[in-house]
Amino acid sequence: MPRKPTPDMQKWCVDEKGQPRINKGAENVCVDESEICFIDGFHSKLYYRGYSIEDLAQHSTFEETAYLLWFGKLPTRNELKEFDQKLRDNRELPEAAYDVIREIPKDTHPMEALRTATSFVGNLDPEKQKLGIEYVPSKAISLTAKLPTIVAALARVKDGKEPVKPRSDLSHASNFLYMLHGEEPSEEWTRSMDLSLVLYAEHEMNASAFSTVVVGSTLSDYYSAIVGGIGALRGPLHGGANEEAVKQFNEIGSLDNVDKWYQENILSGKRRVMGAGHRVYKSYDPRARIFREHAKRFAETSGIPEVKKLYDIAFRLEELVMGQLCETRGICTNVDYWSGIVYYAMNIPIEQYTPIFAIARIAGWTAHLLEYVSRNRIVRPRLYYKGMLDLEYTLVDKRG
Ligand code: ACO
């Protein structure tokens, strides 16, 4: 006879009263101990390895931050020099990777293209059979160095231009902007890009870090784990929100229209503010505060009217969000709200914003992979089954 499973057949998913105990979206589930990152979401605090994001944003480069995340300590000058040199030495892509980049259909979103190209670069790794955790640091240096080259080449080819080969005399951030635009960036642009990479480098067990760890926990290979992270990051509820936030400001179109747009779309409950809300932050995201300052500086000094207009729209919309949604429901603007305006001011196409996030976040993904797999246990949660059991099987031709 068909039947439903009783709660005691799946007691790991029920509470004392026999009701399903579901942590939808794995909210507040702790899957491991960690020493990488701490978020105090009620007091706008973020720490990488115990250092505040404000200090790191002010004093560290992306290279230094990646070292900190992977090796657990700030590098000495010599350690940093050696680490930086390894990154510089690994920027070049094999020619076959450029061939694949040219083959990707032009209407492919850059995050999808990045997923494909990253996977292909993994195929070209002569040590691809070496899956052990001990090989992750060298593979991570190689791929972290190459991601900006891949993203810039994809962007240029999509735009009908030739890729620009990396230079080893420029910093990670500066070289990326150079490859993207085909000219050496100013100090100001380099610093802003570098800062954005520091701010985006890590954020505890977010959806893309978890995806990376889930893949890694099966003892799969490094590239598969990172491609998993890229796939998760692409979604508009996660990293894709930085692109959506700027599209939203563009859609609003003018300062005059912000209040009306908010009323019609957000207060009505029809849509969400992109770049607002967070599973962990119920107070202002400290990264948003830093990005906002940079966006403001660009709005005031870049001389580009479009940047000023976007900033003014974002500023007014944020006033509404902070005064209403944040105050009462903890839905405050997040890191993705302001970052796009900084990139926009640096003349970067909107659809490249999430790939830039990936260029930075590979540092965090790798740190979590190293930490989790070093005392590995395969990730394997359960679901509460609501369906039937023991249904009578009907042969295909007899089904109505
Ligand atoms: N605008 C308006 N309302 C919102 C927003 C928002 N941005 N975010 C959440 N809410 C509301 C929801 O509608 C829901 O309301 P309800 O209880 O009346 O149904 C309530 O807040 C709870 O929403 P959840 O989706 O359950 O919250 P969750 O913690 O699961 O989601 C998320 C977090 C996905 C970030 C969400 O806030 C969101 O969609 N934000 C917009 C996209 C975004 O900015 N993502 C980037 C996050 S940062 C990052 O990943 C790098």
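Structural data are supplied above this passage.
Given the structure is predicted, the values throughout are model-derived calculations rather than measurements.

Student: Which parts of the structure should I look at to understand the overall build of the protein chain?
Tutor: In terms of regular secondary structure, the protein chain is built from 16 helices and three strands. Computed over the C-alpha atoms, the radius of gyration of the protein chain is 23 Å, within 12% of the 21 Å expected from 2.2 N^0.38 for a compact globule of 400 residues. For the protein chain, the C-alpha atoms occupy an extent of roughly 75 × 55 × 50 Å along the three principal directions. Each of the 400 residues in the protein chain was classed as buried or not, and the buried ones make up 49%. Residue pairs in contact within the protein chain that sit at least 24 positions apart in sequence constitute 75% of those at least 6 positions apart. Put simply, the protein chain shows about 19,800 Å² of open surface, and 52% of that area lies on carbon and sulfur atoms. With 52 positive and 56 negative side-chain charges, the protein chain shows a separation of 5 Å between the mean positions of the two kinds.

Student: For this particular structure, what's the right way to read the site of the ligand?
Tutor: The local shell around the ligand holds 17 residues, among which His238, Arg272, Val273, Gly275 and Ala276 are the closest. In the environment of the ligand, an oxygen atom lies 2.8 Å from a nitrogen or oxygen atom belonging to the backbone of Gly275. One of the side-chain N or O atoms of Arg329 is found 3.0 Å from an oxygen atom in the ligand. Here the ligand loses 68% of its free accessible area of 920 Å² to cover by the protein chains. Split into classes, the residues belonging to the shell around the ligand amount to eight nonpolar, five polar and four charged. There are two domains that each give the shell around the ligand at least three residues, and those are domain 1 (37-238 + 350-374) and domain 2 (241-345).

Student: Whenever I open this one, helix H14 (residues 305-329) confuses me. Can you help?
Tutor: One turn of an α-helix holds 3.6 residues; hence residues three or four places apart share an orientation. Along its 25 residues, H14 runs 34 Å from first to last C-alpha, staying within 8% of the 36 Å computed at 1.5 Å per residue. Where H14 bends most, the angle comes to about 35°, and this point is Met322. Every buried residue of H14 is accounted for by Val307, Leu310, Tyr311, Ile313, Ala314, Leu317, Glu318, Leu320, Val321, Leu325 and Cys326. Trailing H14 by a residue or two, Gly330 shows a phi angle of about 70°, which is positive.

Student: What is the right way to look at the nonpolar core in this model?
Tutor: Met193, Leu317 and Trp338 are the most contacted members of the largest nonpolar core, which totals 110 residues. Leu317 has contacts with Gln248, Phe249, Ile252, Val258, Trp261, Tyr262, Val273 and Tyr337, leaving out every residue within four places of it along the chain.

Student: What is the right way to read the environment of Thr212 from this model?
Tutor: Tracing the backbone shows Thr212 in helix H9 (residues 207-217). For the pair formed by Thr212 and Val227, sequence separation is 15 residues and the distance between their alpha carbons is 7.8 Å. Non-local contacts of Thr212, meaning those with residues more than four positions away in its chain, are made with Ala225, Ile226, Gly229, Trp365 and Leu369. At a separation of 2.9 Å, a polar atom in the side chain of Thr212 contacts the main-chain carbonyl oxygen of Ser208.

Student: Looking at this structure, how should I read the pattern of salt bridges?
Tutor: When their charged atoms lie close together, side chains carrying opposite charge are able to pair. According to the stated counting rule, one finds 28 salt bridges in the structure shown. Salt-bridge contacts for Glu251 lead to Arg271; the nearest nitrogen and oxygen are separated by 2.8 Å. Of this pair, Glu251 sits in helix H11 (residues 241-252) while Arg271 sits in the loop between helix H12 (258-267) and helix H13 (286-301); the two residues are 20 residues apart in sequence, bridging distant segments of the chain. Where salt bridges share partners, they join Asp99, Arg102 and Glu162 into one cluster.

Student: It is not clear to me how the state of the cysteines should be interpreted in this structure. Could you clarify?
Tutor: The bond known as a disulfide is covalent and runs between the sulfur atoms of two cysteines. Throughout the structure, instances matching the rule amount to one disulfide. Cys13 takes part in no disulfide bond, and the closest cysteine sulfur to it belongs to Cys30, at a distance of 17 Å. Here Cys13 falls in the buried class, since its relative accessible area comes to 8%. Of the cysteine sulfurs around Cys37, a residue in no disulfide, the closest is that of Cys30, at 13 Å.

Student: How should the sheet that holds strand S1 (residues 37-40) be read in this particular structure?
Tutor: Two strands in a sheet stick together by hydrogen bonds in their backbones, pointing the same way (parallel) or opposite ways (antiparallel). The three strands lie next to each other as S1-S2-S3, forming an open sheet whose pairing is antiparallel. Since the sheet does not close on itself, it has two edges, and those belong to S1 and strand S3 (51-52), each with one partner. Pairing analysis gives four bridges linking S1 to strand S2 (residues 45-48), with the strands arranged antiparallel. Directly across from Asp40, in S2, lies its bridge partner Lys45.

Student: How should I be thinking about the environment of Thr61 in this particular structure?
Tutor: Tracing the chain through its elements places Thr61 in the loop between helix H1 (53-59) and helix H2 (62-71). With relative accessibility at 30%, the residue Thr61 sits in the partly exposed group. Distance from Thr61 to Arg191, taken between C-alpha atoms, is 8.7 Å for residues 130 residues apart in sequence. Apart from residues no more than four positions distant in its own chain, Thr61 is found in contact with Asp194 and Val198.

Thresholds applied
- Residues numbered from 1 in each chain as written.
- Predicted model: local features only at pLDDT ≥ 70, side-chain atom pairs only at ≥ 80, totals over all residues.
- Heavy atoms only, no water.
- Helix = DSSP H or I, 4+ residues; strand = E, 2+ residues; numbered from the N terminus.
- Rg over C-alpha atoms; globule rule 2.2 N^0.38 Å.
- Buried < 20%, exposed > 50% of the residue type's maximum accessible area, 1.4 Å probe, protein only.
- Contact = heavy atoms within 4.5 Å.
- Areas by Shrake-Rupley, 256 points an atom, 1.4 Å probe, with all protein chains shown as cover.
- Lys, Arg positive; Asp, Glu negative; His and termini not counted.
- Charge placed at Lys NZ, Arg CZ, Asp CG, Glu CD.
- Near = heavy atom within 4 Å.
- Polar contact = N/O pair within 3.5 Å; in protein donor to acceptor, adjacent residues only side chain to side chain.
- Nonpolar A, V, L, I, M, F, W, Y, C, P; charged D, E, K, R; others polar.
- Domains from an automatic or database assignment.
- Expected span 1.5 Å × (residues − 1).
- Bend = angle between axes of the 7 residues up to and from the residue.
- Core = buried A, V, L, I, M, F, W, Y, C linked by side-chain atoms within 4.5 Å.
- Salt bridge = Lys/Arg side-chain N within 4 Å of Asp/Glu carboxyl O.
- Disulfide = S-S within 2.5 Å.
- Pairing = 2+ DSSP bridges.

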